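Summary of structural features
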Amino acid sequence: MKHTFEQKVYYSDTDSFGIVWHGSYLRWLEMGRVDLCESMGLNMLDLEKQDIVLPVTNMNIRYKASGKLNDIVIVETEVKKLTPVTIVFEQTIRNKESGKLFLQAEFEVVAVHNDGRLHRRMPEVIKNAFEKGLSCPV
């Protein structure tokens, strides 16, 4: 399963030279991961009420080129790997018009309790949503 959305680069997304600030990319990448989860029925607030939070434990971002003010970018998110303990998301951000790759990223998340303790196995609600959405067992 893949989630894709478009995002216009606004002035607030850029530095003083009109180049996309690195934190803007991080915000868009998080939007992609959250939206993908929500498309599979996993609402972050509902999960928190069930004592489940999905923090990022590892990220690898490779910047290839810079976005600029008024660009329209395409953010693509998909699940690369699913294990009994982690979910690994693979993400890209490209320029809509040219297709130029701005960055490639990989994010690993785990399930923890609201107090920060690790769930020893992925909670059933998450496991079931990903199995249904991805048709691959955890």
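Everything discussed here concerns the structure shown above.
Quick caveat, the model's predicted, so the values are computed rather than measured.

**Considering the side chain of Asp71**
- Structurally, the position occupied by Asp71 is in the loop between strand 2 (56-63) and strand 3 (72-82).
- Salt bridges are absent for the buried Asp71, whose nearest opposite-charge side chain, Lys68, sits at 6.0 Å.
- Apart from the residues lying within four places of it in its own chain, the contact partners of Asp71 are Gln7, Lys8, Val9, Asn95 and Phe102.

**Some points on the pattern of salt bridges**
- Per the stated rule, a full pass over the model turns up 5 salt bridges.
- Note that Lys80 is salt-bridged to Glu106, the shortest N-O span being 2.8 Å. In this pair, Lys80 is assigned in strand 3 and Glu106 in strand 5 (residues 101-110), connecting sequence segments 26 residues apart.
- The class for Glu106 is partly exposed, based on a relative accessible area of 26%.
- We note a salt bridge from Asp115 to Arg117, for which the minimum N-O separation is 2.9 Å.

**As for unusual backbone geometry**
- At Asp51, a position not held by glycine, the phi torsion is positive, near 65 degrees.
- Its place among the elements puts Asp51 in the loop between helix 2 (44-49) and strand 2.
- At Asn70, a residue that is not glycine, the phi angle is positive and equals roughly 75 degrees.
- When you line up the elements, Asn70 lands in the loop between strand 2 and strand 3.
- Judged by relative accessible area, which is 51%, Asn70 ranks as exposed.

**Quick notes on the sheet that holds strand 3**
- Here we have 5 strands laid out as an open sheet, ordered 1-3-4-5-2, and antiparallel in their pairing. Each having just a single partner strand, strand 1 (2-8) and strand 2 make up the two edges of the open sheet. In this sheet, neighbouring strand axes are inclined to one another by 20 degrees on average, regardless of whether the strands run parallel or antiparallel.
- Two strands pair when backbone bridges link them, and strand 1 and strand 3 are joined in this way by 7 bridges, in the antiparallel orientation. Following the sheet pairing, His3 is matched in strand 3 by Thr77.

What counts, and at which threshold
- Along each chain, numbering runs from 1 in the same order as the chain's sequence is written.
- Two thresholds apply to this predicted model, a pLDDT of at least 70 for residue-level local features and 80 or more for giving and counting side-chain atom pairs, whereas whole-chain, interface and lining totals are computed over all residues.
- In computing side-chain values, all of the structure's heavy atoms are included and hydrogens and water are not.
- A helix here means a DSSP run of H or I that spans at least four residues, while a strand means a run of E at least two residues long, and both kinds are numbered starting from the N terminus.
- Only protein chains enter the accessibility calculation, which uses a 1.4 Å probe; a residue is then buried when its area is under 20% of its type maximum, exposed when over 50%, and partly exposed in between.
- Charge counting treats Lys and Arg as positive and Asp and Glu as negative, with His and both chain ends excluded.
- By definition here, a salt bridge exists when the distance from a side-chain nitrogen of Lys or Arg to a carboxyl oxygen of Asp or Glu is within 4 Å.
- Two residues qualify as a contact provided that any one of their heavy atoms is within 4.5 Å of a heavy atom in the partner residue.
- For two strands to count as paired, DSSP must find a minimum of two bridges between them.
- For helices, the fitted axis covers only the stretch in contact; all axes are lines through C-alpha atoms, and the angles between them, taken along N-to-C directions, range from 0 to 180 degrees.

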